[in-house]
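Examining the three-dimensional arrangement
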Amino acid sequence: AGLFGSGYYGAAIPTPIDNVGQWSLDNFGRYLVTVHSQDGRLFSWDPTTPTVIAAPVTNAPIDNTLVVVTDERMIMVLGGKGNPRRVKWCDRENMTVWAASATNTAGSFELNSGGTIIAAVRVQGGILVLTDVDAHIIEYVGAPYYYARRRLSEEVGCVGKNALVGVTGMGFWLSKEGYWRYDGNVTLVQSDVDYEVLTNGDLTVPANVFLGYNGFNREIWTFYPRRGSATPDSYVFVSLDGAPYWSKGSMARTAFMNPVWDTKPYIYSGFQEYQHEVGLLADGASRINDIFAETGEFEIGNGEQNMRVDRIWFDGSNYDPSTGTSYTSDYELLFKLRQAPTAPQRTIGPISPDNTIGYNSTRFRARSVQVRVEPVADTTWALGKVRLRMKSGGAR
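Here we summarise the structure given alongside this text. (Residues numbered from 1 in each chain as written. Predicted model: local features only at pLDDT ≥ 70, side-chain atom pairs only at ≥ 80, totals over all residues. Heavy atoms only, no water.)

Focus: a positive patch on the surface
Residues R308, R346, R363, R365 and K391 make up a contiguous surface patch of positive charge. Take R365: it is sitting in strand β30 (residues 359–366). (Patch = residues over 30% accessible without salt bridge, like charges linked within 9 Å, V, L, I, M, F, W, Y side chains within 5 Å. Areas by Shrake-Rupley, 256 points an atom, 1.4 Å probe, with all protein chains shown as cover. Salt bridge = Lys/Arg side-chain N within 4 Å of Asp/Glu carboxyl O. Lys, Arg positive; Asp, Glu negative; His and termini not counted. Charge placed at Lys NZ, Arg CZ, Asp CG, Glu CD. Helix = DSSP H or I, 4+ residues; strand = E, 2+ residues; numbered from the N terminus.)

Structure representation (C-alpha cells):
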C-alpha cells in the first residue's frame, strides 16, 4: 500500500498501487505462460491438453509481477512484492532452468531505479520496461551476460500495467504527465486529450486504465473511468499518421485486443465481445445525436473586432460505394457565438448544405465563432472545405 514510513501511525491505509490484481500473459512456443500480480507464481498451459489447467512452472521464481517472452526465446519475469526492481530470465528454450551457470543462458539483475516495475512490452531492439517513475530498455548482448539494462528517461513512469501498448516495434504509454512514445528515443506525444484523462479521469485503480492499438485506423485508444465511476466508461484516442486528429466520448469497455488474424479491433465489456469499426451503427443502434465534430473558437485578429458572416459554401458529399455516385451530404452545421470570452454562447443553426444554388445565405455577427458538425443520417459523408464570407465589424 506504500513505502515503509509513509503515512501516520494509526491513520487509514492509503489506496494500494495494485489493489486489483492483473494477469500478464505471453506465448512461449505453443505454451501460454502467465503471472498474476497478486499471486506471483509463473504458470504455463499446454493447448494440446486443453482440459488440464495451468500449472506452476518447476523451479521458476515465485514472487513476480509480469512475464515477457524475449525474441531470444527466454521467459523473463519482472518485479515482485519482495523486490519490485528485479528482472530474471530462464535458460534459452528451457522454462524449468532458472539458476545461472556457465553452461546455460539464465541470469538476473536489478534495474537501476528507485521505482516499482509496472509494465513491460517487446519493442524493436529489446524489452521496454516502465516503472512508476522512469523508463528502461533491456537489450540482448550475448554471452556471458546475455542481457543488459539501460535507463532511458526519468519522470516518465506508467500509471498501470495495461497503460502501455506495443505498436510495430514502438511503445506508447500513459504517465501522470501525459502520453509518451518510445521509438529508439523517449518523446512526449503532443495531444489535446491527455488533459481530459488526467484531470477528469480516475487513475487510482490501475486495472481500470488500459490502452489499445486500433490497427485499422492506426490510432491509440485509452479507456478509463471518469471521476465517480467504478469501471471504465470513457475513452479518448489519438492518430499516429498524417494530420493529427483525436476524439473523445463515453463507452463502457474493459479490455482491448488488436488481433493478428483480423483488421478490426475487438473490444470487450465484461464478457461481451464487440468488433469495432464495422458498419455505421452502434450494435444496431443509430448514432445520430451521439457523435459530432467541433472546432475551437476562432476570431479576427485578437478578437478586438466583430466578424459579420452572410454566406456559406459547402464542399461535402456522400459517396455510395455500391453505385459509385456522390450526392449531397447528410450533415448540418451549427455556429456557436460569443461576444466575450466569458459571455454566454448563442447558437445559429442548424444549417443544412442541401441547397440547389450551391451556397447558403445566413446572417450573424460575433467576436468569436465555434463550428459544430452533426450528422443527420447513419451514412458515410465528407465535410470537405467550408467557406464563410465574412467582413470585419466594429471594434471592441
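Examining the pairing of strand β9 (residues 117–123)
Summarising burial for β9: 5 of the 7 residues are buried, a large majority. Inspection of the sheet shows β9 paired to strand β10 (residues 126–131) by 6 bridges, in the antiparallel sense. Paired with V123 across the strands is G126, a residue of β10. Between the end of β9 and the start of β10, which pair antiparallel, lie 2 residues, with G125 showing a positive phi angle near 95°. (Buried < 20%, exposed > 50% of the residue type's maximum accessible area, 1.4 Å probe, protein only. Pairing = 2+ DSSP bridges.)

Remarks on the side chain of T65
Mapped onto the secondary structure, T65 falls in the loop between β4 (55–56) and β5 (66–69). Leaving out residues up to four positions away in the same chain, T65 has contacts with S24, V35, S37, L78, G79, G80 and I117. (Contact = heavy atoms within 4.5 Å.)

A word on the sheet that holds strand β24 (residues 293–294)
Pairing within the open sheet is antiparallel, and its 4 strands lie in the order β24-β31-β28-β29. Two strands lie at the open edges of the sheet, namely β24 and β29 (346–351), each paired on one side alone. Pairing analysis gives 2 bridges linking β24 to strand β31 (residues 368–375), with the strands arranged antiparallel. Residue pairing for β31: E294 is matched across the bridge by R372.

Focus: the packing of aromatic side chains
What describes a pair of aromatic rings is the distance from one ring centre to the other and the angle between the planes of the rings. With the rule as written, the count across this model stands at 14 aromatic pairs. When the ring of F237 is compared with that of Y245, the centres are 6.2 Å apart and the planes differ by 85°; the resulting orientation is edge-to-face. Note on Y245: relative accessible area 35%, which makes it partly exposed. Site record: aromatic cluster; members linked through ring pairs are F210, W221, F223, Y235, F237, Y245 and F256. (Phe/Tyr/Trp six-rings, centres within 6.5 Å; stacked < 30°, edge-to-face > 60°.)

Some details on the environment of R226
Looking at where R226 falls in the secondary structure, it is placed in the loop between β18 (219–224) and β19 (234–239). As a C-alpha pair, R226 and A293 span 67 residues in sequence and 21 Å in three-dimensional space. Setting aside chain neighbours within four positions, we find R226 in contact with E196, N200, G201, D202, D233 and S234.

Focus: the nonpolar core
Counting residues in each nonpolar core, the largest one holds 34 residues, and the members touching the most others are L128, C158, L164, F172, W173, L174 and I220. Excluding residues within four positions of it along the chain, L174 makes contact with G157, C158, V159, A163, Y179, V197, L198, V209, L211 and T222. (Core = buried A, V, L, I, M, F, W, Y, C linked by side-chain atoms within 4.5 Å.)

Considerations on the pattern of salt bridges
In total, this model carries 15 salt bridges according to the counting rule given. One salt bridge connects E93 with R73, and the closest N-O pair in it is separated by 2.3 Å. With E93 in the loop between β7 (86–89) and β8 (107–110) and R73 in the loop between β5 and β6 (75–78), this residue pair connects regions lying 20 residues apart in the sequence. One salt bridge connects E154 with R151, and the closest N-O pair in it is separated by 3.4 Å. By relative accessible area, R151 is classed as partly exposed at 36%. Because the salt bridges share partners, they merge into one network encompassing E294, K336, R372 and E374.

Description of unusual backbone geometry
Omega for the bond connecting A143 with P144 falls within 30 degrees of zero, at 5°, which places this linkage in the cis form. As for its position among the elements, P144 is in the loop between β11 (134–142) and β12 (146–154). P350 follows G349 through a cis peptide bond whose omega is 10°. Tracing the sequence through the fold places P350 in strand β29. A positive phi angle is found at E155, which is not glycine, with a value near 60°. Assignment of secondary structure puts E155 in the loop between β12 and β13 (164–167). By relative accessible area, E155 is classed as exposed at 64%.

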